[in-house]
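The residues making up each chain are set out below.
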Amino acid sequence: MERQMKAITVLRLALFCVAVSLPADGQKPAKQASTPPMDRPGILQEYDEAIDDVAERAMHSVVEIEVTGFGKPESSDDEDQQTLQRQRVIGSGVIVDPDGYIVTNNHVVAGALRIRVIVAPTTVELVTGHTQLANSQRVYEAKLIGTNRYADLAVIKIDAHDLPIIALPEPFHVRLGETVIAIGSPQGLDHTITKGIVSAVGRQPELDRPMVYVQTDAPINPGNSGGPLVDRDGNLIGINTFIYSSGGGSEGLGFAIPEPVVRFVYYELKARGFVPSVSIGAHAQSITPDLAAGLKLPQDHGVIFSDIDKAGPAADAGLRSGDIVELMDGVPIDSFPKYTAYLYIHKRGTQLRMEVLRGGKPVTLFITAINSLPTVDSLSDLTNPRKDLIPSLGVFVVDLSDLITAALPGLRSKHGVVVAGVLEGEPATLTNLEVGDVVRSINGKRLSTADELRQQLANFKTGDSVAFEVERQSVLQYVAFEIE
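What you see is a predicted model, and the numbers here were worked out from it, not measured in a lab.

Caption draft 1: How the structure looks around the sheet that holds strand β12 (residues 236–243). If you trace the 6 strands once around the closed barrel, you get β8-β9-β10-β13-β12-β11, paired in antiparallel fashion. Ignoring strand direction, the axes of neighbouring strands in this sheet form an average angle of 45°. Strand direction decides the pairing type here: strand β8 (residues 179–184) and strand β11 (residues 228–231), joined by 3 bridges, are antiparallel. The partner of alanine 182 across the bridge, within β11, is leucine 229.

Right, here's the structure in full:
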C-alpha cells in the first residue's frame, strides 16, 4: 500500500511538471531565451547604479553640524519647562547655496553658543589596494542667520564658496511609493545613507498643529535631523525632522518637512532673519459631514469660514462667514491643514487671491495679508545664548517689548527685563528667580534694559546684598540674595 501511494505521488508530480511546462494551448513550449551574458547589466544592477549615482551626488552637499549651547533636559516631558542645561548636539544640514548657506532644523541649533560645520568627502566604494579610508575634512565656524520654530527650520552660514548644493526645485512633485534616500549623521556617523519609499505625502501627525509632512520608511535616527530626503532624480523632497519611536531608534516612521516649506522659510530667513507671521483676520475650520448636513452645504469636506474680524483684511476684501474656500493662489484647498499651509507660505507683501463658494456660486476675492504679533509658547525661544546669559545669576534675560508683553497677559510693568530661561543647577536657584519674572529695579535703581542690569551687577563683589523688585504673575515683590 505504501509503495502504491508513493507511485501515485510520483505520477502526480510528473504530470504537474509537464502541465506547468506546456503553454495554455497545449502546444510544445517555445525555446527558452538564453541567460543574458554576464557583461550585460540586468535590471537590478541598473537600479543599484541609479541609486548609487543619486546618493553620491547628493551626499557632497550634506554636512555634519556640531552645536554646543543650552537646551531643555532630554529627560523632561514638560513642554512648558523653561529650565535649561548645557548640551552638545550633533545634527545634519544641507548646502543650498554655493556661498555657504545651509538649511537645518531649528531644534538642532536652538540655544547654540557655538556652531561648527564639518564638510568632508567620503568613501563610496571599497576596492582592494585602491581604497582611501581616511578622508580630509574642513571644519568651519558657522553663523546663525535665522530660525523658525513653527516650521522647525534654521539657516546657518559658513565662510566658503563654490560649494556643491542640493537645488530647491520648483515646481515640487512627490508621489506615494516612490523610492527616496535619507542622508545624515546618525550618532555622529557622517554621510550615512538609508533607502526607503514615500509612505505618505501629506501626513498631519498632530491634529491641533496644522503642519504637514512627507512620511517615509527610510531609516532615520538621532543625528539625521536637518539632513535631506531626496528622490530618485536627486531632488530635495524635504528636511528630515523627527521620528515616531518607542525605543528611540528608527521604526520606519520618519517625517520630513516638505520642500515648498523649506524653500519658503529659507528665502525668508536669508532676507529678513525671521519669518513674519501673517493674518487675514478670518477664522476657518474643517467641514465635517455633520456640519455639512446641518448647514445644508454643497459638500461634506473642505474649509469654511466661521467668523470674520471687523475692519480686518478679510472683511475689507468682502469675505463673509459661511464662505467655503475653493482655491488660494490658484491651489485647490481641500482640507484645513492645506489651508493653513498655503497661508503660511504665501509670499509676504503680495495680495492673496482666494476663490470661495458663497451660496453655491463662485466668488473671487483679493486679500492683503498683514503681519500678526506672533505668540510665544516658550520664552526661552527668544533668547540668544551668546548675549542674553548673565552667568552670575544663572539666567537668560531679554528686554521688555511688545512681543514679551503679548506673551505675558496681565503684565503691569512698563519697564524692566524679563527672565526668559533658567540654567539647571546654577545660581538662579539661589537668587530665587523664575521664568516670566520681570526685574524692575536693583537696590532701588530702575532697570530698563539687560545692559543696565549687567552694568549694575558689575559693581558688586562677593558677599554684597542685592534686592530686586520683581513682578511675578502680576504681583510685585522683592527678591533678595547675596552675590557669590
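Caption draft 2: Focus on the packing of aromatic side chains. Counting across every chain of the model gives 12 aromatic pairs. Aromatic pair tyrosine 150 and tyrosine 344: ring centres 4.9 Å apart, planes at 40°, arrangement tilted. Residue tyrosine 150 is located in the loop between β6 (143–148) and β7 (153–157), and its partner tyrosine 344 is located in helix α7 (residues 336–344); the two are separated by 194 residues in the primary sequence. Given the relative accessible area of 31%, tyrosine 150 is considered partly exposed. A residue is classified by how much of its surface remains accessible, and tyrosine 344, at 13% relative accessible area, is buried. On the numbers, 5.0 Å between centres and 55° between planes, the contact of tyrosine 266 with tyrosine 267 is tilted.

Caption draft 3: Representation of unusual backbone geometry. A cis amide bond links glutamate 170 to the next residue, proline 171, at an omega of 5°. Even without being a glycine, aspartate 162 presents a positive backbone phi close to 55°. Relative to the helices and strands, aspartate 162 resides in the loop between β7 and β8. Relative accessible area serves as the criterion here: at 73%, aspartate 162 is assigned to the exposed category. Backbone geometry at alanine 311 places phi at a positive 60°, although glycine is not the residue there. Mapped onto the elements, alanine 311 comes out in the loop between β16 (303–308) and α6 (313–317). With a relative accessible area of 71%, alanine 311 lands in the exposed category.

Caption draft 4: Region of the structure containing the pairing of β6. Across 5 bridges, the pairing between β6 and β7 is antiparallel. Bridging from a neighbouring strand, threonine 147 pairs with alanine 154 of β7. Here β6 folds back onto β7 in antiparallel fashion, the turn holding 4 residues, of which aspartate 152 has a positive phi close to 60°.

Caption draft 5: View of the environment of aspartate 399. Tracing the backbone shows aspartate 399 in strand β23 (residues 395–399). Taking the C-alpha atoms as reference points, aspartate 399 and valine 417, separated by 18 residues in sequence, lie 4.6 Å from one another. Beyond its immediate sequence surroundings of up to four residues, aspartate 399 is in contact with Ile404, Gly416, Val417, Ser448, Thr449 and Ala450. A polar contact of 2.7 Å, which involves the side chain of aspartate 399, links it to the backbone nitrogen of alanine 450.

Caption draft 6: Geometry of the pairing of strand β25 (residues 438–442). Burial analysis of β25 places 5 of its 5 residues in the buried class, the great majority of the element. The pairing of β25 with strand β27 (residues 465–472) spans 4 bridges and is antiparallel. In the strand pairing of β27, valine 438 is matched with glutamate 471. One ladder, built from 2 bridges, connects β25 with strand β26 (residues 445–446); its direction is antiparallel. Paired with isoleucine 442 across the bridge in β26 is lysine 445. Between β25 and the antiparallel strand that follows it, β26, lie 2 residues; asparagine 443 among them carries a positive phi value of about 50°.

Caption draft 7: Main features of helix α11 (residues 450–458). If you check which residues of α11 are buried, you get Ala450, Leu453 and Leu457. Down the axis of α11, the smallest arc covering the buried residues is 55°, so these residues share one side. Facing away from the buried surface of α11 by more than 90 degrees, the exposed residues are Gln455 and Ala458. Residues of α11 that are buried make contact with β22 (389–390), β23, β24 (417–423), β25 and β27.

Calculation criteria
- Residues numbered from 1 in each chain as written.
- Predicted model: local features only at pLDDT ≥ 70, side-chain atom pairs only at ≥ 80, totals over all residues.
- Heavy atoms only, no water.
- Pairing = 2+ DSSP bridges.
- Helix = DSSP H or I, 4+ residues; strand = E, 2+ residues; numbered from the N terminus.
- Axes fitted to C-alpha atoms, helices over the stretch in contact; angles between N-to-C directions.
- Phe/Tyr/Trp six-rings, centres within 6.5 Å; stacked < 30°, edge-to-face > 60°.
- Buried < 20%, exposed > 50% of the residue type's maximum accessible area, 1.4 Å probe, protein only.
- Contact = heavy atoms within 4.5 Å.
- Polar contact = N/O pair within 3.5 Å; in protein donor to acceptor, adjacent residues only side chain to side chain.
- Arc of directions from axis to C-beta.

Note that all results are geometric; they support no functional claim without further evidence.
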